[in-house]
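Residue-level listing of the chains:
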Amino acid sequence: MELRILATPQEQQALLDLPWDMPLEEWPEWYLVALPRGISRHVVRFTRLGGRIYALKEVVQAYADREYRLLRDLERLEVPSVQAVGVVSGRQAPDGSPLDSILVTRHLQFSLPYRALFARMMRRDTVERLIDALVVLIGRLHLLGFYWGDCSLSNTLFRRDAGAFAAYLVDAETGELHNELSDGQRHHDIDIARVNIAGEMMDLAAAGYLDDSVDPIATSDHVVKRYHALWSELTEWEAFDVNERWRIARRVERLNELGFDVAELDIVTDIGGRTVRVQPKVVDAGHHSRRLLRLTGIDAQENQARRLLNDLDAYAAETEQQGEDEEIVANAWVMDCFEPVVRAIPREFRGKLEAPEIFHEVLEHRWYLSEQAGHDVGIAEAAEDYVENVLRHKPDELAILGGTSEDPEETQPFRVPWDQF
């Protein structure tokens, strides 16, 4: 049996240095990075190669190959998920006994499994934001024809997103990609999620990690209700009088607020022309993040992008540039507002939060300071006060997650092409 590493040439070279002739659970500590792990039926470990963190999952070859292909498909479809790097197969111990294959994925920076989040005793409203993020992810997957088969908090990673959370699929082992899902497939998938989440919440309650106000059963039922409400918003026909055309725009706005783009509208009128039925053709999530990236080059989560775009719009109004080309205004906003805040963060604090999240928190802090002072506080003053009185006391999330402030790729999770401005 020959060792086979399916990966890009660059990562193949780095992967060769790992002890593939040993069961993953027996690897020496110097190969591993201590990171929070979710519950898994398989052995999962983290390692650092060339300044990046990778997750290694030991699983039989057929499942490793299948999950690798599914994750690559989801990446191509721009679904929030971990990035598959490769599969290592043909492993055997020194005595010749075969070892399971290993699926290699790139660790999602600034993400946490749900147990690491709940270990801080989350309140009910925080739990609901976490659940909402998962529901949006499920809806997005179902629109693309992906049947998860084992949807749960354990198979999801979460990143902060302007006070809310963004959910990412981390385990596609039981998934299936179809052209379209039937109602039965969708309902079965969400029912599996309901059962799994109820069990996970009960486990958290037993461990003392759940606030007394959070009911595990009610929370899992909430997932189903939120999903059906979201799916209805995404796909159902809506009828209204022909004189109420403003409702078309409102429907599109509601979808944009959820982070979904609308490619086209299917509009049908009755014979008398008095009633209009409309159904949006939703193509993908990420309306605000794509607009922000196009205008500024800043790659942010959806809620972060919405918050930054709101500040961009406010900046345009304050500087009387509403009629100016939006790319010109965005350029000025980056130089006058965003970039100075990012530069104001000391290097030793850059591992605490992503830059878009920091900017969002500075905006919140500015509002708080302005309310206290009774007048508008400038962004520079707000950033300085935020660093000293808020950011300094936050946990270093990047360090917890295995990053290093010495690695520029680890400290800058987004890229801003300043040279274009």
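Shown above is the structure to which this text applies.
Everything in this summary refers to the structure shown in the same document. Remember, predicted model here, so these are calculated numbers, not experimental data. (Residues numbered from 1 in each chain as written. Predicted model: local features only at pLDDT ≥ 70, side-chain atom pairs only at ≥ 80, totals over all residues. Heavy atoms only, no water.)

### Looking at the pairing of strand E5 (residues 101–106)
Here is step 1: Among the 6 residues that make up E5, 5 are buried, leaving the element largely enclosed by the rest of the structure.
Here is step 2: When strand E4 (residues 83–89) meets E5, the two strands line up antiparallel, connected through 5 bridges. What sits directly across from Val88, in E5, is Ile102. (Buried < 20%, exposed > 50% of the residue type's maximum accessible area, 1.4 Å probe, protein only. Helix = DSSP H or I, 4+ residues; strand = E, 2+ residues; numbered from the N terminus. Pairing = 2+ DSSP bridges.)

### Let's talk about the packing of helix H4 (residues 124–143) against helix H5 (residues 183–206)
Here is step 1: Running from N to C, H4 and H5 point in directions that differ by 155 degrees, and their axes come no closer than 12 Å. Classified by the interaxial angle, the pair formed by H4 and H5 is roughly antiparallel. Viewed along their axes, H4 and H5 form a crossing whose handedness is right-handed. Facing H4, whose interface residues are Val127, Ile131, Leu134, Ile138 and His142, H5 presents Arg186, Asp189, Ile190, Ala193, Ile197 and Met201.
Here is step 2: Of the residues belonging to the contact of H4 with H5, the class tally is 8 nonpolar, 1 polar and 2 charged. (Axes fitted to C-alpha atoms, helices over the stretch in contact; angles between N-to-C directions. Parallel < 35°, antiparallel > 145°, perpendicular 65-115°, else oblique. Left-handed = near helix turned anticlockwise from the far one by under 90°. Contact = heavy atoms within 4.5 Å. Nonpolar A, V, L, I, M, F, W, Y, C, P; charged D, E, K, R; others polar.)

### Remarks on unusual backbone geometry
Here is step 1: For Glu78, which is not a glycine, the phi torsion comes out positive at approximately 60 degrees.
Here is step 2: Take Glu78: it is sitting in the loop between helix H2 (61–76) and E4.
Here is step 3: One non-glycine residue, Glu320, lies in positive phi territory at about 55 degrees.
Here is step 4: Inspection of the secondary structure assignment puts Glu320 in the loop between helix H9 (302–318) and helix H10 (326–343).
Here is step 5: Here Glu320 falls in the exposed class, since its relative accessible area comes to 70%.

### What to know about H10
Here is step 1: Under the 1.5 Å per step criterion, the end-to-end length of H10 is 24 Å for 18 residues, consistent within 8% with the ideal 26 Å.
Here is step 2: Along its length, H10 reaches its greatest deviation from straightness, about 45 degrees, at Val334.
Here is step 3: The complete set of buried residues in H10 reads Val329, Ala330, Ala332, Trp333, Val334, Cys337, Phe338, Glu339, Val341 and Val342.
Here is step 4: Those residues of H10 that are buried are in contact with helix H8 (287–296), H9, helix H11 (355–373) and helix H12 (379–389). (Expected span 1.5 Å × (residues − 1). Bend = angle between axes of the 7 residues up to and from the residue.)

### Some words on the packing of helix H6 (residues 216–235) against helix H7 (residues 246–257)
Here is step 1: The N-to-C vectors of H6 and H7 enclose an angle of 130 degrees; their axes lie 10 Å apart at closest approach. When the axes of H6 and H7 are compared, the pair comes out oblique. The handedness of the crossing between H6 and H7 comes out as left-handed. Together, Ser232, Glu233, Leu234 and Thr235 of H6 and Arg251, Arg254 and Leu255 of H7 make up the contact between the two elements.
Here is step 2: Grouping the amino acids of the contact of H6 with H7 by side-chain chemistry returns 2 nonpolar, 2 polar and 3 charged.

### Some points on the sheet that holds strand E1 (residues 4–6)
Here is step 1: Within the open sheet, the 5 strands sit side by side as E1-E4-E5-E3-E2. Their pairing is antiparallel. A single partner strand is all that each edge strand has here, and the edge strands are E1 and strand E2 (44–49). Ignoring which end each strand starts from, the neighbouring axes of this sheet average 25 degrees apart.
Here is step 2: Of the pairings in the sheet, the one linking E2 to strand E3 (residues 52–59) comprises 6 bridges and is antiparallel in character.

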